[in-house]
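Here are the chains, one letter per residue:
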Number of protein chains: 2
Amino acid sequence: MPVVKKVHHVALVVADLEAALTFWRDALGIQVAERREVPAEAAEIAFLPLGESELELVRPTAQDTGLARFLQKRGEGMHHLCLEVDDLDGMLQQLRQRGVELINETPRSGADGKRYAFIHPRSAGGVLVELYEVP
Amino acid sequence: MPVVKKVHHVALVVADLEAALTFWRDALGIQVAERREVPAEAAEIAFLPLGESELELVRPTAQDTGLARFLQKRGEGMHHLCLEVDDLDGMLQQLRQRGVELINETPRSGADGKRYAFIHPRSAGGVLVELYEVP
């Protein structure tokens, strides 16, 4: 049976990364491990490790992405919840059998080799859920 | 310096707890440790431990609470992000000095002895942030 291991990250969509960091980094004192542009996602992301998880502050760098539309429609806030699984293919198969609607029917691969897939919020209580398999 | 230690829990607001569990428990396979009514919060809550954190599925049991209004206005989804801190009083003082707006100026205490306070989303990039001090 595929297993959900932990919360990998919570992604927050922000309009202004520097302004967001004045709260998360400067006021709360959570350190930023890395900050980089991710052209494939049309986003600039700050990674803030926190225990075994991570906060990701994500700023859209283009107007025509799902992320940018989310920000325009709902404003800043939590964008998605990423769960780490030990067997992504097995989990996607299990979800399909349960009638869960997937955004990515087959896993996608990030630049860092991690494989991921998104579940549609319609099947996940309104939450955009990402599943990550870390090699 | 007060320190944020980890993501304590991510709280999801749901309209129907049993329906939500068909996804989180049955499809994803995350086990439910406890499920109980919390009259002080006018909510029924299912607690799903996940690594060092927890998912909390929260169903409002009254119509006149912030939680119920959140559900009516925004629908199901992520409600708040709870971070565990080692020194809640120190952290609240630090936040005040940085001009962060608090919902609870002084910590509140739960039935289980945990002390907590909420930060206003206006100061936290649209995220309702709860701070927890676990004794």
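This report concerns the structure included in the present document. This one's a predicted model, so the numbers in the text were calculated from it and none came from an experiment. (Residues numbered from 1 in each chain as written. Chains lettered and ligands numbered in written order. Predicted model: local features only at pLDDT ≥ 70, side-chain atom pairs only at ≥ 80, totals over all residues. Heavy atoms only, no water.)

## Overview of the side chain of Asn104 of chain A
Residues and elements named next belong to chain A.
1) Next: Among the structural elements, Asn104 can be located in the loop between helix H3 (88–97) and strand E6 (108–109).
2) Next: Residue Asn104 is classed as buried on the basis of its relative accessible area, which comes to 11%.
3) Next: Among the polar contacts made by the side chain of Asn104, one reaches the main-chain amide nitrogen of Phe118 at a distance of 2.8 Å.
4) Next: Dropping the residues within four chain positions of it, Asn104 is found in contact with Leu92, Ala117 and Phe118. (Helix = DSSP H or I, 4+ residues; strand = E, 2+ residues; numbered from the N terminus. Buried < 20%, exposed > 50% of the residue type's maximum accessible area, 1.4 Å probe, protein only. Polar contact = N/O pair within 3.5 Å; in protein donor to acceptor, adjacent residues only side chain to side chain. Contact = heavy atoms within 4.5 Å.)

## Section: the sheet that holds strand E1 (residues 4–13) of chain B
All names here are of chain B.
1) Next: Here 8 strands make up an open sheet; going across it, the order is E2-E3-E4-E1-E5-E8-E7-E6 and the pairing mixed. Since the sheet does not close on itself, it has two edges, and those belong to strand E2 (34–38) and strand E6 (108–109), each with one partner.
2) Next: Strand direction decides the pairing type here: E1 and strand E5 (residues 77–85), joined by 8 bridges, are antiparallel. Residue pairing across strands places Ala11 opposite His80, the latter belonging to E5.
3) Next: Sheet strands in contact with helix H1 (residues 17–27) are E1, E2, strand E3 (43–50) and strand E4 (53–60), and its direction is about 155° off that of E4.
4) Next: Packing of helix H2 (residues 66–74) onto the sheet brings it into contact with E1, E3, E4 and E5, and relative to E4 it is tilted by some 85°. (Pairing = 2+ DSSP bridges. Axes fitted to C-alpha atoms, helices over the stretch in contact; angles between N-to-C directions.)

## What to know about the sheet that holds strand E5 (residues 77–85) of chain A
Within a sheet, each strand pairs with its neighbour through backbone hydrogen bonds, oriented either parallel or antiparallel.
Residue and element names in this part refer to chain A.
1) Next: Judged by pairing direction, the sheet is mixed, and its 8 strands sit side by side in the order E2-E3-E4-E1-E5-E8-E7-E6 without closing on themselves. Of all strands in the sheet, those bounded by a partner on one side alone are strand E2 (34–38) and E6.
2) Next: With 4 bridges connecting them, strand E1 (residues 4–13) and strand E4 (residues 53–60) associate as parallel partners. Bridge pairing in E4 links Leu12 to Leu57.

## Focus on a positive patch on the surface
1) Next: Together, Lys73 and Arg74 of chain A together with Lys73 and Arg74 of chain B give the surface a local cluster of positive charge.
2) Next: Mapped onto the elements, Arg74 of chain B comes out in helix H2.
3) Next: Since its relative accessible area comes to 35%, Arg74 of chain B is described here as partly exposed. (Patch = residues over 30% accessible without salt bridge, like charges linked within 9 Å, V, L, I, M, F, W, Y side chains within 5 Å. Areas by Shrake-Rupley, 256 points an atom, 1.4 Å probe, with all protein chains shown as cover. Salt bridge = Lys/Arg side-chain N within 4 Å of Asp/Glu carboxyl O. Lys, Arg positive; Asp, Glu negative; His and termini not counted. Charge placed at Lys NZ, Arg CZ, Asp CG, Glu CD.)

## Overview of the pattern of salt bridges
In a structure, side chains of opposite charge can pair up when their charged atoms sit close to one another.
Residue and element names in this part refer to chain A.
1) Next: In this structure the tally under the stated criterion is 24 salt bridges over all chains.
2) Next: A salt bridge links Glu84 to Lys5, with the shortest nitrogen-to-oxygen separation between them at 3.5 Å. Here Lys5 lies in strand E1 and Glu84 lies in strand E5, a separation of 79 residues in the sequence.
3) Next: Here Glu44 and Arg35 are joined by a salt bridge, their closest N and O atoms 3.3 Å apart.
4) Next: On the accessibility criterion, Glu44 (12% relative accessible area) is buried.
5) Next: Overall, Arg35 belongs to the partly exposed group, its relative accessible area being 37%.
6) Next: One connected set of salt bridges, linked through shared partners, spans Glu18, Arg25, Asp26, Arg35, Glu44 and Arg59.

## Some words on the relation of the copies chain B and chain A
1) Next: Superposition record for chain B on chain A: RMSD 0.0 Å, screw rotation 180°, translation along axis 0.0 Å. In the structure described here, the two chain copies are related by an operation that fits a two-fold rotation axis.
2) Next: A share of 100% of the interface residues of chain B reappears at the interface of chain A, consistent with the copies meeting face to face through the same patch. (Least-squares fit on C-alpha atoms with pLDDT ≥ 70 in both.)

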